[in-house]
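Understanding the architecture of this molecule
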Amino acid sequence: MKFKKFSILSSKNQGGSDMEEVEVLFNLDHIISIKPIRISSPDKLLNGFWIRTTNGKKYRASRIPEEILSVIGEEYQGPVNIALEAEDQPFQ
């Protein structure tokens with residue numbers, strides 16, 4: 001068995017708007033797939049990962065181990081930089 005640490009996002013309440021980051025150990029032998037995704041929160045947009053396991057559960061991760069990240073690509077981790085045009089800026 002090979003265990004690695006992942007940072008999983010879980011909802012604090014049933015509405016799902018507030019998320020907290022929890023560190024979890026996963027057995028790499030039980031992970032079926034890891035897919036890059038965008039995760040939205042009320043104040044920002046994050047690059048993240050959709051993890052599927054052999055028991056059918058799915059998890060949203062904000063960070064994955066370096067050895068897996070090097071295969072997927074480091075551009076898929078961290079905040080998303082969005083360049084806004086002048087007309088897209090919020091009113092001040």
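A short tour of the structure in this document, coming up. (Residues numbered from 1 in each chain as written. Predicted model: local features only at pLDDT ≥ 70, side-chain atom pairs only at ≥ 80, totals over all residues. Heavy atoms only, no water.)

Within the protein chain, the secondary structure is distributed over 1 helix and 6 strands. Along its sequence from the N terminus, the protein chain presents helices and strands in the succession β-β-β-β-β-α-β. Sequence-distant contacts in the protein chain: of pairs separated by 6 or more residues, those separated by 24 or more amount to 40%. For the protein chain, the exposed area adds up to about 6,800 Å²; of that, 48% sits on carbon and sulfur atoms. (Helix = DSSP H or I, 4+ residues; strand = E, 2+ residues; numbered from the N terminus. Contact = heavy atoms within 4.5 Å. Areas by Shrake-Rupley, 256 points an atom, 1.4 Å probe, with all protein chains shown as cover.)

Applying the stated criterion across every chain yields a total of 3 salt bridges. The salt bridge partner of Glu-67 is Lys-4, with a shortest N-O separation of 3.4 Å. Remark: Lys-4 occurs in strand β1 (residues 3–11) and Glu-67 occurs in helix α1 (residues 66–72); sequence separation between them is 63 residues. Under the relative-accessibility criterion, Glu-67 is labelled partly exposed at 40%. The shortest N-O distance in the salt bridge between Glu-23 and Lys-5 comes to 3.6 Å. Placement of the pair is Glu-23 in strand β2 (residues 19–27) and Lys-5 in strand β1, with a sequence separation of 18 residues. (Salt bridge = Lys/Arg side-chain N within 4 Å of Asp/Glu carboxyl O. Buried < 20%, exposed > 50% of the residue type's maximum accessible area, 1.4 Å probe, protein only.)

This part covers a nonpolar patch on the surface. A grouping of Met-1, Phe-3 and Leu-25 is seen on the molecular surface, where their side chains present a nonpolar patch of about 400 Å² in accessible area. By the secondary structure assignment, Phe-3 is in strand β1. (Patch = residues over 30% accessible without salt bridge, like charges linked within 9 Å, V, L, I, M, F, W, Y side chains within 5 Å.)

Nothing here speaks to function; it is geometry throughout.
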